[in-house]
Structure formats: structure tokens, C-alpha cells
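# Fold and geometry: a report
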Amino acid sequence: MKQKIIAGIASFTLLSTTPFNVLAESPQTTIQSTQLDEKEKSLFNSEHYDFVKYSEIQGKLDKIAQESNRVTVEKSDVKSAAGHDMYVVTVSDAKAKGKYGHYKGLRKKMIKSPEKAQDFIDKHPDLKVPVMINASIHGTEFVGTDAALQLIERFATEDDEQTKGILDDHILIFNVVANPDGRIDATRFNGNGIDLNRDFITQSQPETEHMVDLITEWNPMVFLDLHGYVKGYGGPTKPGLIEPCTPPHNPNYEYDLYSKWALNQAEAMESNIVSNKGNYDNTHTESSKVDYQNMEGTYIPQRDDAAGWDDYPPIFTPMYAMYHGAYGYTLEAPTNDWDGVQWTYDAVMGALGYASENKVDMVKDQIEVFKRGVQFDHPFHKEGHFPSAYILPNDEQDQTATVKAVQHLQDNDIVVEEAQKDFTFDGVTYPKGTYIVPMDQAKAGLANTMLWDGEDITEDTPSMYDISAWNLPELWGFGAVEVSSDTELNVKSKQLKALNESGEIVGDGPYAIPNTSARSIAIANHLLNSGHTLHRGEDGILYAGADARAELIDLVKDSAVTISSQSVPVGAKEITSQHVTLLKDGGMNKAQSHSGTKLALERLGFTVEEKTPGQVAEEGLGSTDVFIYNGRSNLISYQNSAANSEFGLKDAAQYEAFKTNVKGFVADGGQYLAIGAGASQATTKLGLSDVKVETGGSNSNGIVQLSHTDSTYTAGYQTEDLGFVYQPTWYTNTGSADILSSYQNSSDFFLAGHWKGSERAQGKPVIVKDENVLLIGLEPTFRDHTDYLFRLVSNAIFAQ
């Protein structure tokens, strides 16, 4: 039977042929619709259709739930970045509906007692297993949510043998619209400008936290992430894409257990799509060149390619879910239309059918992932790959990064313990209360991918799809000491239950606020914004008077920062609250390139004004003290594609006005900061510096070793320290510019990631100051992830 998305339920027999968009909306839906300015389409999509608007979704779900005893609709306690509701729909047969706590408990038993859980499965093969379906995490990939609504409709209402069989075997959990902001605004990203499908190692956004909570709550056996649009990778007869992926595979997976099933399940999805090709309308075939009715398959990277679509970084939703034992897949529909919805629906049905047929053995292998962790037995890994434990030392002055890391690990279902007495390891004595992450635990793979040093995979593959290094200790700024696999850590410890995040104020002032974390700088900015006078030493330490004591006591309660009394050094300069303006990227090439910097500045405590290129051209920079450009070079172009044109400049006259206003701002003493490759290139184009900008490949990225000079711009960092690059940048023709930092002059300065040709940057300048222009070739605020590097930006803002 040909499927179409349904808008309302008048009866539940043969309504699956009625399109959602032709039935009347509920009164509640109409009210919501008038409150939202919902976009009809995105210019980045090559086809358009009347997708279900966000404002219609709650009414549809409520109506289904009222009329079906298989459905539970929950509104998450967590709202999107822009404050919109997120909906979780759970569908099962009516008998299981009241027993979700029981089934979740069984899933937890898999982690705590995996051998017993496997035995239980043998005795109870009729056990239901959860499958999680995540829809439209990219807002402009509308078909995912529409297909999810169609699937919910089917499983709520239909009584055919296939539907009943799948419900006999599964509990289906739908994250119905994973990115409400993006669906409303027709953007790939959320209301904070973050691509949520790049956020699963950082988990900086509420939508990502919501998804992680669902995954750790249910530990799904299969995880399907519904995306679009991939047309041509497999040629004209194989539209769309279904993972598993090409190498490199992250070495922290138990990949043999995943790959045992993944390709077969992908091919089951493919088979179901092809078998239903007669149901497709070929609505946009002339323009899209996708001929659904003559499909022979779909593109499956692991089967059909050698490189280019890897599952290495844990930033993607299904790749993250795999660390929880799930068989995770990205499904990329070919077109943005009802045929794309049909393709997605058919793919999911194929996955569910395969899971039903192989449920017992698949879930036992999922449990095997956890058993290997608990037993510290990883037969397909190099000896010594997994340490026996990590020690996370506490910094005496500022524990912010360590506390954040420990909370993050716990939120991700990773066990963290606390030493019950002082202990010594490798000649270092650690105090009682030191955090320990034992690696004989179920989710050891996730723990290790978060805590390990990473690796240089440049020679392993021609290119990478996204980032190749994300090391939390190095980029968040906390210590993680490896205890090798053949060493037993002799310390009495117990599982940590509660974190102590409270800082301390010592003495009667004046107070030295350390330049040690984003949180410590935020404390200083709070005082500045409250009218307190602060001074800053060359070492970046900020000094507040005794009159700030009461406010400081309140500020450190949730900060884990200790602030002590210390005399203000001679030469410390008074600082004031800074007016920071950030050049706004509205969505060039489907991304907001400046969003990581905006979030970092806010976490540092700065008040940030965003101005588009057009606003800078028309209004100038007004009372701005520091102007920051962290975005694409074509933000200042007036020759962009139709989709990009609204985010750049209109014409040559507007470009000249922008140039005049920015050059005038710098000439009048304004501080200009360019971050990254695009901003550096735009800076030289504007004539603000004669420095020459050199760059690596656009997909090169990773962790580098730096050599800092002793300057106020690099205060708070070691002479030899770390940085992060994304499209690595360095500078030549530096002339009279001050070189503040360089890539370390060593052949192994590139530590982890993927960067072909990195030797060209060895020893070259990466932070330079040319009059009032500061160029940073690193990405110190990348995707709200690189906390440790944020202070390079606050240093620049305060270094007047």
C-alpha cells in the first residue's frame, strides 16, 4: 500500500493514503501557528514541498495519543535553544505500554551484569528491545520528521501482520523533531547557530543533552538518524545513503560486533526501498535527476566506497550511540519532497524488519560490548590500547574544567570513582577525593574516546568528513593521567555520587582572580559589569578590591574557583567593561561560522553585539571597543550564490562602505581580532595588514603544539602549549608585526587529527599582532568545545 503522511485521525483503518497537509488543523495547532514565523523553504534545498510545520506537530501527536492505546506522547522538560518544545513519542503494543520502567531496568541490567543479561535473553527470547528514531536533527532536512510522523501513525493504528510483528519485538522511541528551531527557521542549525549533529562529544546544546538523556535512559539496540539529501554518491540508480561507513573507524568501538550486523541491516533497508519503488511519484525527477521508479539500490559507503564517509569522530548522533552498544545508522534521503519521505519511511521499515528477524542475536552482541568492557577484555584491539584507569587530578586553585569533565562523564553513563585516601602513582601523590575513571566498565569505549590523547591519522585516509581530534583533557583544560593496562592502581575508591562545585574566597582582599578558565574570567567580567574597578597584570591575573568580597563569595558558590588575597602588582593596568562586536554569519553555506565564538564570549562573561556585514557597512561600529571576525571570507563578498547572498554584502558600494568603516575603526584605535582562515584572508583583502595568509586544506584539523612568546596575549599559558586548528592557518611576510605564537619548530608538532602537508607550517607564526590588528590562525572557540583556548580571546580583548 502506498504511504503518505497523514495530518489527522478520523478513523484508524485505511487512512494511510490521506496526506497530512490536506486535513484540518486542531484549534491548538492554529493558535501555535499564529505565534510562530515559520519559513516555507530553504534556498539551500534543490526541491521544495509542503512539509509539516512545527506548529502542527503537537496537535497531530495529541490526537493520535487520544485515539490509540499504543502511543505515549511526552513533552521533554528540556526546551530547544530558542525555547521550543521537543516531543518524545513511544509506541509499543498495549501490553507493554505500562511496563516501560521494567524494560528500562532490563536495559540497565545489561550494563551492570552483562553475562546474566545474556542468559536472561536466552530464556526470554520474546523480550522487547528498544529502537530509537531521531528525526531531522538538521532543520532543513524536513523529510525525517515527516517520515517519523508517518511511522508513528502506522504503528499507532494499523493491525497488519508486519506492524503487529514489529510491535511484538520492539518498543519504538521517536525524537520527533530533534531541531525545532531549525525546522521553524528553515536552518540546518539550532537557535544558537550550532550544528547539533556535530555536538555529541561536546554536548553544549540542550537538544543534544536531551538526545543523550534518551540514549542513556533506553540503551537502544538500533539507532536510526533521519537526514537528507544525498543524490549522486552511488550514481543514478543508487540514490540516497545508508551507513555503515568507510574507514577509518574509531579504534574505541568494538567494531567487529557492529560490523557483524551493520552491512546486512543496511542492505535490508535498501531492499525494502527498492521493493517499493512503484510507490514513488518521481515528483521532481526532471530537476533532481533522481528516478525513484528505476532504483536498483542505494549508496552504502562501507560496501560501495573506500574512503570519504567515515565514522571516526563521535560528534555525530549514530556514531555517539554506537558507544552505547547501538547499531547506529545515518539515513540520507535523496530529495526534499514526499518521495524523500517515502524513501525514509521504507528504509526505517527495512531496518525494523531486519531487527525483528535477528533480535535475539543482535541484542546479545550488544550486551557483548558491555561484557568486554566490564571484563576488560577487548580481543580485537591492540594490546595496551585501553588503559586500566584514568586519574583526573584536581587543580588546587581552579577545578572548573575537572568538575565539568566529571559531570560530563557521569551524564554519559560512565562510572567515576573517588579515592578514599591519599595514594601514590608513578611517583606522584594524589590526595583523598581524587577522581578515578576505572576502565573495567561497560562503556569503556566511550570513556576512552573522551579521555585518550587521540592519534594522527593523516596517512590512514585521503581525507576526513569532519574533525579528527577532540581530546577533552587537552581542549577542556584538565589532567587525565593514564594508568597502563598492565598496571594495577592500588587505591581504595568508591563510585562518586555527588560533586562539590563550591569555590572559596580566602583573605580580606584585594583579590587575585586567576586567569585559569572561562569561568574565572566570567567572574571578573561580572564584577566589571557590576561597576567594580579591576586591574590586570601582564600575567593575565585580574585584581578586584576588598569591596568585591560579598559579590565574590556569591559568584564562587557554583564555580570551583578559589580566589585568594594578593597585592596588586606595580604596572597592573586598570581595565573596563568592553563593548565587543562580533561579525554575524547568518548562515553562509548552511552554517553559522561565528556561533562558537559567540557562545565562548558569553561563557567568558562578555556582552556581545552581533552585526551583519550589511549593518557594519550601513551603521559602522559605533562604541565598539573590540571587533571580532570569525567567519568565512565571503561574508564580505557581494558575489555569492543565491542561497548565500542574503548573508553577505549587496553590492560594490556596500563593500566599500564596510571597508571604510572597519579601517576607520582600526585607525581610531579600535581593536580588531581575526580568528581562523576565512577571517584572516578577509583581513588582508580589506587592507588591514600586509601579513600573508597561508592555509592547509579545508578539511584539515587537529591538535597542535605551540610555542608562545611571553606576552599579555598568551598569559595563562605555558611557553610550550597546545592549540586546535580547523583549516590550519599560518602567516608569512610578517615584517614589523609582533609574532606572539608559532607552531612548535618540531617535526611532530602535529599531535592528533588529519592534516596533509602539515610540515609546511612547522615553526611558522600562528598568532601575530600588526598595529591594532590581531590575527589568530587557530580556532580557539571552535563549536563551543575548546574551553582551554577561550582565554586567548579574553586575553586579546583585555590587552589594550
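The next thing to look at is the sheet that holds strand 17 (residues 504–506). One open sheet accounts for six strands, arranged 17-21-18-20-19-22; its pairing is mixed. Since the sheet does not close on itself, it has two edges, and those belong to strand 17 and strand 22 (573–575), each with one partner. Neighbour-to-neighbour, the strand axes of this sheet turn through a mean angle of 30°, independent of strand direction. Note: strand 19 (residues 534–536) against strand 22, three bridges, orientation antiparallel. The residue bridging Leu 534 from the neighbouring strand is Ile 575, located in strand 22.

Helix-helix packing: each pair is described by the crossing angle between the helix axes and the interaxial distance. Packing of helix 6 (residues 143–157) against helix 14 (residues 338–374) leaves a shortest axis separation of 8 Å and a crossing angle of 55°. When the interaxial angle is binned, helix 6 and helix 14 end up oblique. The two elements helix 6 and helix 14 meet at a crossing, and its hand is right-handed. Taking contact as the criterion, the partners of Val 143, Asp 146, Ala 147, Gln 150, Leu 151, Arg 154 and Phe 155 in helix 6 are, on helix 14, Trp 338, Gly 340, Val 341, Thr 344, Tyr 345, Val 348, Met 349 and Leu 352. For the contact of helix 6 with helix 14, the residue count by class is 10 nonpolar, three polar and two charged.

On inspection of all chains with the given rule, the structure shows 38 salt bridges. The partner of Lys 104 in a salt bridge is Glu 217, and the shortest N-O contact between them spans 2.3 Å. Of the two residues, Lys 104 is situated in helix 4 (residues 100–112) and Glu 217 in helix 9 (residues 206–218); the sequence distance between them amounts to 113 residues. Judged by relative accessible area, which is 22%, Lys 104 ranks as partly exposed. According to the relative accessible area criterion, Glu 217 is partly exposed, its value standing at 30%.

Below, the discussion takes up helix 15 (residues 400–411). Look at helix 15: 16 Å from first C-alpha to last across 12 residues, which is about the 16 Å you get at 1.5 Å a residue. Listing the buried residues of helix 15 in full gives Thr 400, Ala 401, Thr 402, Val 403, Ala 405, Val 406, His 408 and Leu 409. Taken together, the buried residues of helix 15 touch strand 10 (389–392), strand 14 (435–438), helix 16 (444–451), helix 17 (472–477) and helix 18 (518–529). Directly beyond the C-terminal end of helix 15, a positive phi value near 70° is found at Asp 413.

Spatially, seven strands are ordered 1-2-4-3-5-9-6 in an open sheet, and the strand pairing comes out mixed. The open sheet is flanked by strand 1 (71–75) and strand 6 (241–242), the only strands paired with a single partner. Its contacts with the sheet place helix 9 against strand 2 (87–91), strand 3 (129–135), strand 4 (170–175) and strand 5 (222–228), and it is angled at close to 170° to strand 3.

Here we come to the environment of Glu 47. Inspection of the secondary structure assignment puts Glu 47 in the loop between helix 1 (27–35) and helix 2 (54–67). Residue Glu 47 is classed as buried on the basis of its relative accessible area, which comes to 2%. The spacing of Glu 47 and Thr 285 is 238 residues in sequence and 9.9 Å in space, taken between C-alpha atoms. The residues touching Glu 47, leaving out its near neighbours within four places in the chain, are Lys 231, His 284, Ser 288, Thr 335 and Asn 336.

Looking now at the packing of aromatic side chains. Applying the stated criterion to the full structure yields 30 aromatic pairs. The structure contains a cluster of three or more aromatic residues connected by ring pairs, namely Tyr 253, Tyr 255, Tyr 258, Tyr 323, Tyr 327 and Tyr 329. Positioned above the aromatic ring of Trp 476 is the side chain of Lys 404, whose terminal nitrogen or guanidinium carbon lies 4.2 Å from the ring centre. Between the NZ or CZ atom of Arg 791 and the centre of the ring of Tyr 717, over which it lies, the distance is 4.5 Å.

With that out of the way, let us pick up the pairing of strand 10. What you see with strand 10 is no split at all: Ala 389 and Ile 391 on one side and Tyr 390 and Leu 392 on the other are buried throughout. Across four bridges, the pairing between strand 10 and strand 14 is antiparallel. In the sheet register, Tyr 390 faces strand 14, and the bridge partner there is Val 437. Across three bridges, strand 10 lies against strand 15 (residues 481–483) in antiparallel orientation. Paired with Tyr 390 across the bridge in strand 15 is Glu 482.

Here the focus is the packing of helix 5 (residues 114–123) against helix 14. Where helix 5 meets helix 14, the closest approach of the two axes is 8 Å, and the angle between their N-to-C directions is 165°. Regarding the angle of helix 5 to helix 14, the classification is roughly antiparallel. When the axes of helix 5 and helix 14 are compared, the crossing they make is left-handed. Residues Pro 114, Glu 115, Ala 117, Gln 118, Ile 121 and Asp 122 of helix 5 form the contact with helix 14, whose own contacting residues are Val 360, Val 363, Lys 364, Ile 367, Glu 368, Phe 370, Lys 371 and Val 374. Tallied by class, residues from the contact of helix 5 with helix 14 come to eight nonpolar, one polar and five charged.

Owing to its 3.6 residues per turn, the α-helix aligns residues three or four sequence positions apart on the same side. Between its first and last C-alpha, helix 10 (residues 255–275) extends 30 Å over 21 residues, near the 30 Å set by a 1.5 Å rise per residue. For helix 10, the principal kink sits at Ala 262 and spans about 30°.

Once that is clear, we can look at unusual backbone geometry. At the junction of Gly 228 and Tyr 229, the peptide bond is cis and its omega measures out at 5° in the coordinates. The backbone of Ala 560 shows a phi angle near 60°, a positive value even though the residue is not glycine. One can find Ala 560 in the loop between helix 19 (549–555) and strand 21 (562–565). Backbone geometry places Asp 784, a non-glycine residue, at a positive phi of 60°. Of the residues examined, Asp 784 reaches a relative accessible area of 5% and is grouped as buried.

Positive charge collects at one region of the surface, where Lys 421, Lys 432, Lys 492 and Lys 494 lie side by side. Looking at the element boundaries, Lys 432 is found in the loop between strand 13 (428–430) and strand 14.

Of note, Ile 194 is situated in the loop between helix 8 (180–185) and helix 9. Ile 194 gets classed as buried once you look at its relative accessible area, which sits at 5%. Along the sequence, Ile 194 and Leu 446 sit 252 residues apart, while their C-alpha atoms lie 23 Å from each other.

Conventions used here
- Residues numbered from 1 in each chain as written.
- Predicted model: local features only at pLDDT ≥ 70, side-chain atom pairs only at ≥ 80, totals over all residues.
- Heavy atoms only, no water.
- Pairing = 2+ DSSP bridges.
- Helix = DSSP H or I, 4+ residues; strand = E, 2+ residues; numbered from the N terminus.
- Axes fitted to C-alpha atoms, helices over the stretch in contact; angles between N-to-C directions.
- Parallel < 35°, antiparallel > 145°, perpendicular 65-115°, else oblique.
- Left-handed = near helix turned anticlockwise from the far one by under 90°.
- Contact = heavy atoms within 4.5 Å.
- Nonpolar A, V, L, I, M, F, W, Y, C, P; charged D, E, K, R; others polar.
- Salt bridge = Lys/Arg side-chain N within 4 Å of Asp/Glu carboxyl O.
- Buried < 20%, exposed > 50% of the residue type's maximum accessible area, 1.4 Å probe, protein only.
- Expected span 1.5 Å × (residues − 1).
- Phe/Tyr/Trp six-rings, centres within 6.5 Å; stacked < 30°, edge-to-face > 60°.
- Lys NZ or Arg CZ within 6 Å of the ring centre and 35° of its normal.
- Bend = angle between axes of the 7 residues up to and from the residue.
- Patch = residues over 30% accessible without salt bridge, like charges linked within 9 Å, V, L, I, M, F, W, Y side chains within 5 Å.
- Areas by Shrake-Rupley, 256 points an atom, 1.4 Å probe, with all protein chains shown as cover.
- Lys, Arg positive; Asp, Glu negative; His and termini not counted.
- Charge placed at Lys NZ, Arg CZ, Asp CG, Glu CD.

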